[in-house]
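# An overview of the molecular structure
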Amino acid sequence: MAKDEDKTDSLQMSMKGCQTNNGFVQNEDILEWEPEPDPGSPADNLQTCAADTCAVDIHGPEAPVKPFAGMPKEVLLQFSGQARYRVPREVFFWLTVASVVVLVGITIAIIAISPKCLDWWQVGPMYQIYPRSFKDSDKDGNGDLKGIQDKLDYIRDLNIKTVWITSFYKSSLKDFRHGVEDFQEIDPMFGTMEEFENLVAAIHDKGLKLIIDFIPNHTSDKHTWFQLSRNWTEKYTDYYIWHNCTHINGVTTPPNNWLSVYGDSSWHFDEVRKQCYFHQFMKEQPDLNFRNPVVQEEIKKIIQYWLEKGVDGFSFDAVKFLLEARSLRNEIQVNKSQSSDTVTHYSELYHDFTTTQVGMHDILRSFRQTMDTYSTEPGRYRFMGAEANGESVDRTMMYYGLPFIQEADFPFNSYLTELDTPGNSLFNTVIMSWMENMPEGKWPNWMTGGPDNSRLTSRLGKEYVNVMNMLILTLPGTPITYYGEEIGMENILATSLDEIYDANTLLSKSPMQWDNSSNAGFSEGNHTWLPINSDYHTVNVDVQKTQYRSALKLYQTLASLHANELLLSRGWFCHVGSVGDDSQVVVYTRELDGIDRVFTMVLNFGESTSTVNLAEMISGLPAAVSVRLSTNSAYNGGTVETSAIVLDKGEGLILEYKTENPLHGQTALRDKCFVSSRACYSSGLHILHSLC
């Protein structure tokens, strides 16, 4: 019996007073009494403790033991070293490593071959709002910031991506709020800073972006800077452009013959300082002295102020006026035989010394650098646009910057707004002029109207609203829509106000026409700051929402197509036909490598019906093609014969067909095809890549 008691199992564990730990850690500070197991019992056989040692034999001849929960480290190591456990573990490990390496490699390869993603200012239309005329929320007859916020759902339903609000700074109402008294305050007419902050938050909550106007060239004569400058106060003395001049018996003899944009001398005598100050615009709008570095820093602080408020970008206006020649030389008369005493209109001089001076673009690039410091956060790139009205095309392109020095993301393209008669063959010329002169890799844009232009309907006629919207929403680049153009609003009749305005510039600023109620739904007040157009009963948002063939419905469809079709957002643009001929029909294609479909736009800007033989213009074209979208909805989904496409005046078609020979690959059309950032589509992987 004693011999049997001395005999132990093949697995022995010895520790005085110890217990088996089946996967649980016992608190060593708590000792609990448990009865001793009976000698010879299985528990006793597995728990025989010796002083400070546990002897384990897993190869005993009598009772092989399997792994169990809570096994000691020494036991675990002996089991884990066995081939049947070690080999699967190593296989899984190396498979995991190989999978990670492959995934990282695929990710790097995809990133390497992927084209640059379009930024937010490239992916959809911009919507320009003149805030005083958009929506009145407080019944005072003037539109305001709260009114814009109330209509954000409407803007989003247009598939707009960016809201562009023109000047709303505190001002004395000279020249449509451009005479700013304080660049860091909201004019009370439009609301408060809190309401502006709420508007910014609401715009971002809707997935939209916000850009605002900024005119750095001048301030109001009521601005604190000017008041300090006219009194020779310290650093403010040279914030403006002052020069000695003679002023006798109320008659001023200016330093030179420079003229204001609005006519007459651009110099005005100040009774306080006893000198003349320079103003490119009204005398209430003195020009800042941008040759003073301190002034440049002040403007950068203002830019930073609004960026910190959450603004996503700026439209810099009147920037060609930032610098003037130091020499103060007289500008040359257009008509040299004209008596100099009678030269009073701005157009009667060549403005070689007061516009686009050397150093002006350096100032804009410094603005760009300031904005770039706020563009480091992903998705928060800050957009910079520049207004270049009146510049030649080649000078306008300079606003894009240099190959390695960025300036504006684009100068605003207002050339289409200057076409003011239907049947104009210049549509082809205007389009190709921009595309041919635009620096490689830059992004185009297209405007149909603005606060300082006559409305599209009044320039061309209501028959051309839809075809013009089809044009800008299918051309490459960013379309820009002035409020009301999506429903075909017209100019109002000339009117006059108690405020100092040029009545001719009021025509395109009439209140937005929301419905056919009193004041067209713009205001619930007793009056509006400008009269409502008399056609508001039929030309308004609510009516057109219910009309299947309305301008509003077509605009929404076009904007949706622009957003969802790679052919329109990333594809090649190829112009078809001749530039400068008498053709009043605009024809172009949108194509993308890897997609065998092609869109061809055929747009009639003529004053009569036109028949187009598209088969002669594009080789290999099918005899019949599908109509993806038409300004005449009766054609949608149908087909047309390519040898004789009949278009009424103001009619446009988006044709869709398949081809294996896109135009941008044909040598003969190489000079007529353009793309900002080349990309190809992989139908197998459903990705864009740059290995074209």
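Quick note: structure is the one above.
Residues numbered from 1 in each chain as written. Predicted model: local features only at pLDDT ≥ 70, side-chain atom pairs only at ≥ 80, totals over all residues. Heavy atoms only, no water.

### Looking at the overall build of the chain
For the chain, the helix and strand inventory stands at 18 helices and 28 strands. Relative to its 692 residues, the chain shows a buried fraction of 51%. Of all intrachain contacts in the chain linking residues separated by at least 6 positions in sequence, the fraction that spans at least 24 positions is 69%. Working note: accessible area of the chain is about 32,700 Å², and carbon and sulfur atoms make up 52% of it. (Helix = DSSP H or I, 4+ residues; strand = E, 2+ residues; numbered from the N terminus. Buried < 20%, exposed > 50% of the residue type's maximum accessible area, 1.4 Å probe, protein only. Contact = heavy atoms within 4.5 Å. Areas by Shrake-Rupley, 256 points an atom, 1.4 Å probe, with all protein chains shown as cover.)

### Description of the packing of helix 14 (residues 465–474) against helix 16 (residues 551–564)
It is at 10 Å that the axes of helix 14 and helix 16 come closest, and there the two elements cross at 10°. The orientation of helix 14 with respect to helix 16, classified from their angle, is roughly parallel. Between helix 14, through V465, N466, N469, M470 and L473, and helix 16, the contact on the second element is made entirely by A551, L554, Y555, L558, A559 and H562. For the contact of helix 14 with helix 16, a count of residues per class yields eight nonpolar, three polar and no charged. (Axes fitted to C-alpha atoms, helices over the stretch in contact; angles between N-to-C directions. Parallel < 35°, antiparallel > 145°, perpendicular 65-115°, else oblique. Nonpolar A, V, L, I, M, F, W, Y, C, P; charged D, E, K, R; others polar.)

### Observations concerning the sheet that holds strand 5 (residues 209–214)
Spatial ordering of the open sheet is given by 15-12-11-5-2-1-17-16, a layout of eight strands whose pairing is parallel. Two strands close off the open sheet at either side, each with one partner strand: strand 15 (410–411) and strand 16 (445–447). With four bridges connecting them, strand 5 and strand 11 (residues 313–316) associate as parallel partners. Paired with I212 across the strands is F314, a residue of strand 11. (Pairing = 2+ DSSP bridges.)

### Some thoughts on the side chain of T642
Within the element layout of this structure, T642 appears in the loop between strand 23 (639–641) and strand 24 (645–647). Looking at T642, its side chain comes within polar contact range of the main-chain oxygen of P622, at 2.8 Å. Excluding residues within four positions of it along the chain, T642 makes contact with V612, N613, L614, A615, L621, P622, A623, A624 and V625. (Polar contact = N/O pair within 3.5 Å; in protein donor to acceptor, adjacent residues only side chain to side chain.)

### So, the nonpolar core
By size, the foremost hydrophobic cluster in this structure holds 131 residues, and its most contacted members are Y127, Y154, I155, F196, W306 and M512. Excluding residues within four positions of it along the chain, W306 makes contact with F168, Y169, F183, Q184, E185, I186, M193, F196, I212, V311 and F314. (Core = buried A, V, L, I, M, F, W, Y, C linked by side-chain atoms within 4.5 Å.)

### A short note on the packing of aromatic side chains
One pass over the full model with this rule turns up 44 aromatic pairs. Seen from their ring centres, F134 and Y483 are 6.3 Å apart, and the 90° between their planes marks the pair as edge-to-face. Here F134, found in the loop between strand 1 (126–129) and helix 5 (145–150), pairs with Y483, found in the loop between strand 17 (478–482) and helix 15 (541–545); they are 349 residues apart in sequence, far enough to count as distant. In this pair, the class of F134 matches that of Y483, namely buried. Where F226 meets Y277, the ring centres are 5.1 Å apart and the plane angle is 80°; that geometry is what we call edge-to-face. Residue F226 is located in helix 8 (residues 224–230), and its partner Y277 is located in strand 10 (residues 275–278); the two are separated by 51 residues in the primary sequence. Of the two residues examined, F226 and Y277, each falls in the buried class. The ring of W514 carries the charged tip of K151 above its face, separated from the ring centre by 4.3 Å. (Phe/Tyr/Trp six-rings, centres within 6.5 Å; stacked < 30°, edge-to-face > 60°. Lys NZ or Arg CZ within 6 Å of the ring centre and 35° of its normal.)

### Observations concerning the pattern of salt bridges
In the structure shown here, the tally under the stated rule is 23 salt bridges. Across the salt bridge formed by R230 and D270, the nearest N and O atoms sit 2.4 Å from each other. Taken as a pair, R230 in helix 8 and D270 in strand 9 (residues 267–270) lie far apart in primary sequence, 40 residues in all. Like D270, R230 is buried. The closest approach of N and O atoms between R395 and E391, which form a salt bridge, is 3.9 Å. Owing to a relative accessible area of 35%, R395 belongs among the partly exposed residues under this scheme. The network of salt bridges with shared partners includes E565, R597, R628 and E656. (Salt bridge = Lys/Arg side-chain N within 4 Å of Asp/Glu carboxyl O.)

### A look at the environment of Y400
The residue Y400 is located in the loop between helix 11 (393–397) and strand 13 (401–402) in this model. Given the relative accessible area of 0%, Y400 is considered buried. Separated by 35 residues in sequence, Y400 and R365 have C-alpha atoms that sit 10.0 Å apart. Beyond its immediate sequence surroundings of up to four residues, Y400 is in contact with E407, A408, D409, F410, P411, W434, M438, P439, K442, W443 and P444.

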